[in-house]
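These are the residues of each chain, in order.
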Amino acid sequence: MVQTLVQTRQLLLRWSRDPIMVLQALVFPALLLVILNTVLGRQISAFAGNSALYGSVPMVTLVAAMSGATAGAISLGRDRDHGWLARLWVLPVHRASGLSARIAAEVVRITVTTLVIACTGLALGFRFQQGVPAAVAWLLVPVLFGTAFATFVTAIAVHTAEATLVEGVTLISSLLMFFCTGFVPLAAYPQWAQPLVEHQPMTYAIETMRGLALGGEVRGPLTGIVAWSAGAIAVFAIPAIRGYRRASRR
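None of the values given here were measured: they were computed from a predicted structure.

Novice: Residue-level account of empty space enclosed by the protein, with values.
Specialist: Enumeration over the complete set of coordinates arrives at three cavities of 30 Å³ or more. Its volume calculated, the largest cavity comes out at about 90 Å³. Elements represented by at least two residues in the lining of the largest cavity include exactly α4 (84-89), α5 (97-124) and α10 (219-248). The element that contributes the greatest number of residues to the lining of the largest cavity is α4, accounting for three residues. Of the residues contributing to the lining of the largest cavity, the split by class is five nonpolar, five polar and one charged.

Set out below in structure tokens:
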């Protein structure tokens, strides 16, 4: 535990001093939320019957979790290429502490990012209308989603080159963002696309967060995002662990 905490602190310090990481995790998502609300907020609010912020704020928190996880995976790839992982491998520390530290650092980063975006949303008019416990649960949903996505991109990062990682993950993130109910309501999509939009992981997370903030069904979408996240972790955790071990022994 002590070794994990030391390495977690070291990772967080590195990330905080990296302008690209700060831009991807904090600045860009906050600007994206402001731009979306300015350009599309009124139209979506009129179509949906409630403020568009109850969809766009959750969506941007999830986008930030994905972009931050991608930046973290790129950093992991560079550590592999520069030999940092190999140096850690021969030090007298527990070999699981390196990977567990990255998971802990991701959780901290996602939490901070979610708080920043929530504060930006509050300044624009977003409100938690279901009380403090629901607000706390709202903050935990991006952590669950982001941890699962980080497991996925870590498994890719330790097996592929940086260019392939960026291109592949950017494509996946863009598709998830533009085909979810945080961007526009479900009824606005073509009939053929609605089942795909309704049952993809970002939509489940957004609908859970919408219910926790505004009111409405929570159990169904919460079950969906838990199933998606647990499935992603179960599928990609072992490849991530094996790939991290192989990268550390290069």
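Novice: Describe the packing of helix α2 (residues 19-48) against helix α3 (residues 53-82), listing the residues and the values that go with them.
Specialist: At a closest axis distance of 9 Å, the pairing of α2 and α3 adopts a crossing angle of 160°. In terms of their interaxial angle, α2 and α3 are classed as roughly antiparallel. Here α2 runs over α3; the crossing is right-handed. Of the residues in α3, those touching α2 at Met21, Gln24, Ala25, Pro29, Leu32, Leu33, Leu36 and Asn37 are Leu53, Ser56, Val57, Met59, Val60, Val63, Ala64, Ser67, Gly68, Ala71 and Gly72. Here the contact of α2 with α3 is composed, by residue class, of 13 nonpolar, six polar and no charged.

Novice: Quick one: what's the story with the confidence of the model for the protein chain, residue by residue and with numbers?
Specialist: Detail in the predicted coordinates should be disregarded across regions flagged by low pLDDT. The predicted model of the protein chain averages 86 in pLDDT, with 97% of residues at 70 or higher. Within the protein chain, the lowest mean pLDDT, 76, falls on helix α7 (residues 162-178), and the highest, 93, falls on helix α9 (residues 201-214).

Novice: I'd like a description of the layout of surface pockets, backed by residues and values.
Specialist: For the largest pocket, the calculated volume is near 390 Å³. Ranked by the residues each element gives to the lining of the largest pocket, the list is headed by α9, at six residues. The residue makeup of the lining of the largest pocket, split by class, is ten nonpolar, eleven polar and four charged.

Novice: Tell me about helix α1 (residues 2-16), residues and numbers included.
Specialist: The terminal C-alpha atoms of α1 lie 21 Å apart, and with 15 residues this matches the ideal 21 Å at 1.5 Å per residue to within 8%. Turning to α1, its buried residues number three or more, namely Thr4, Gln7, Thr8, Leu11 and Trp15. Each buried residue of α1 lies within a common arc of 110° when the element is viewed along its axis, so the set occupies one face. In α1, the exposed positions that point more than 90 degrees away from the buried face belong to Val2, Leu5, Val6 and Arg9. On the buried face of α1, the contacting elements are α2, α3, α4 and α5.

How each quantity is defined
- Residues numbered from 1 in each chain as written.
- Predicted model: local features only at pLDDT ≥ 70, side-chain atom pairs only at ≥ 80, totals over all residues.
- Heavy atoms only, no water.
- 1 Å grid on protein atoms, 1.4 Å probe; cavity = no way out; pocket = protein on both sides within 12 Å on 5 of 7 lines; lining within 4 Å.
- Points joined across faces, edges and corners; volume = space filled by probe spheres on them.
- Helix = DSSP H or I, 4+ residues; strand = E, 2+ residues; numbered from the N terminus.
- Nonpolar A, V, L, I, M, F, W, Y, C, P; charged D, E, K, R; others polar.
- Axes fitted to C-alpha atoms, helices over the stretch in contact; angles between N-to-C directions.
- Parallel < 35°, antiparallel > 145°, perpendicular 65-115°, else oblique.
- Left-handed = near helix turned anticlockwise from the far one by under 90°.
- Contact = heavy atoms within 4.5 Å.
- pLDDT = per-residue confidence, 0-100.
- Expected span 1.5 Å × (residues − 1).
- Buried < 20%, exposed > 50% of the residue type's maximum accessible area, 1.4 Å probe, protein only.
- Arc of directions from axis to C-beta.

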